[in-house]
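Listed below are the residues making up each chain.
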Amino acid sequence: MCWWRRLQIDYFLLFMLMTIMLASFFPCQGKVKIVFQHLTTIAIALLFFLHGAKLSRQAIFAGIGHWRLHLLIFCSTFILFPIIGLALKPLVPEWMSPTVYIGFLYLCALPATVQPAIAFTSVAGGNIAAAICSASASSLLGVFLSPILVSFLIDIDNHQQIELLSNIGAILLQIMLPFILGHLLRPLLVQWINRYRKLITISDRSSILLVVYVAFSEAVIEGIWYKVDGWSLLMIAIVSGFLLAIVILFNIYTARYFGFSKADEITIVFCGSKKSLVNGVPMANILFPAHLVGIILLPVMIFHQIQLMVCALLAQRYAKKSR
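Procedures and definitions
- Residues numbered from 1 in each chain as written.
- Predicted model: local features only at pLDDT ≥ 70, side-chain atom pairs only at ≥ 80, totals over all residues.
- Heavy atoms only, no water.
- Helix = DSSP H or I, 4+ residues; strand = E, 2+ residues; numbered from the N terminus.
- Contact = heavy atoms within 4.5 Å.
- Core = buried A, V, L, I, M, F, W, Y, C linked by side-chain atoms within 4.5 Å.
- Buried < 20%, exposed > 50% of the residue type's maximum accessible area, 1.4 Å probe, protein only.
- Patch = residues over 30% accessible without salt bridge, like charges linked within 9 Å, V, L, I, M, F, W, Y side chains within 5 Å.
- Areas by Shrake-Rupley, 256 points an atom, 1.4 Å probe, with all protein chains shown as cover.
- Salt bridge = Lys/Arg side-chain N within 4 Å of Asp/Glu carboxyl O.
- Expected span 1.5 Å × (residues − 1).
- Arc of directions from axis to C-beta.

A.B. asks: Explain the side chain of D204 to me, and be specific about the residues and the numbers.
C.D. replies: Relative to the assigned elements, D204 resides in helix 11 (residues 197-221). Non-local contacts of D204, meaning those with residues more than four positions away in its chain, are made with L47, L50, H51 and K54.

This is the structure in structure tokens:
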């Protein structure tokens, strides 16, 4: 297996980097910017409509009874991560800018990712039914819980005031309503979804790329590349790796301390250490001022790639031990 596939270098990340380069050289401005902003709103609604339609209630119910496992995963996702995020405050401003720190707080408040968590759990020989249930529930809860956590964390740090009620209203309208409609219409759409799964994946990723392009266009106009240099990107990568290592080690030893089986330990490790880029990009576009979204998303994007690389190697190690 080539090193590219072995390290799980995400091709989608390459497209995202190309999108950032496009925004850097050709940012959307003026009337074009207004058109793209409307397209972004539509794309976000479509993205979560399809997420709702893809969510299987049977898959969730299949693993819902394992409440101790889910409780530990949710504590890791929505409690442990934010605590570590707050502990990073001494790094500001010597090692990272206040805006980058907000990006890490935002990262720590996000829900778990769904497909990668389930895929790595499957490869490593974990409890797949519980992984599906936990990752799906985390993604759903994150729509409500993440904005509340973001407002709480950033208000404590006095960097950014977020009007929580208006932002939750916007999230309900742009994200939650399409999600619920998609899920209610799932019986009518399930055959179409299964038949055109690749097309839906392309649609999902295109929506995210559109949001990234609009966000970084605004950031470029505001001078992002004068505020974020190579040293800042290196620090984001180092802190992201450090953050991921702490969470993975915590989950491993906590799972063993409470006597979970090896299959459940694997599920806890891979579902409790992930953060969702798919949820993070559109939600940031709603929660934060347009000129800050680009910088705030940098920790999310870099952490996303590092978690794929590390968890790919870890899944292979678990799989070898189980043989």
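The rest of the description comes next.
A.B. asks: Describe the nonpolar core, and please don't skip the residues or the numbers.
C.D. replies: Residues Y106, F270 and F288 are the most contacted members of the largest nonpolar core, which totals 82 residues. Counting residues per element, this core draws most heavily on helix 16 (residues 290-321), which supplies 16 residues. With near-sequence residues (within four places) excluded, Y106 lies in contact with V150, N279, G280, M283, A284, L287, F288, I296, L297 and V300. Counting residues in hydrophobic clusters, the runner-up holds twelve residues, among them L72, I73, A117 and A135.

A.B. asks: Could you give an account of a nonpolar patch on the surface, naming the residues involved and the relevant values?
C.D. replies: A contiguous nonpolar patch, built from Y11, L14, F15, L17 and M18 and spanning about 510 Å² of accessible area, is present on the exposed surface. Position of F15 relative to the elements: it lies in helix 2 (residues 11-25). The exposure class of F15 is partly exposed, given its relative accessible area of 48%.

A.B. asks: If you had to explain helix 2 to someone new, which residues and values would you point to?
C.D. replies: Since the α-helix turns once every 3.6 residues, residues separated by three or four places project in the same direction. Between its terminal C-alpha atoms helix 2 stretches 22 Å, which fits the 21 Å expected from 15 residues at 1.5 Å a residue. Of the positions making up helix 2, those classed as buried are F12, L13, M16, T19, I20 and A23. Within helix 2, the buried residues cover an arc of 110° as seen down the axis, which keeps them to one side. Opposite its buried face, helix 2 presents the exposed residues M18, M21 and F25, each directed more than 90 degrees away. For helix 2, the secondary structure elements touched by its buried residues are helix 11, helix 12 (224-227), helix 15 (277-287) and helix 16.

Distances and angles like these do not, on their own, reveal function.
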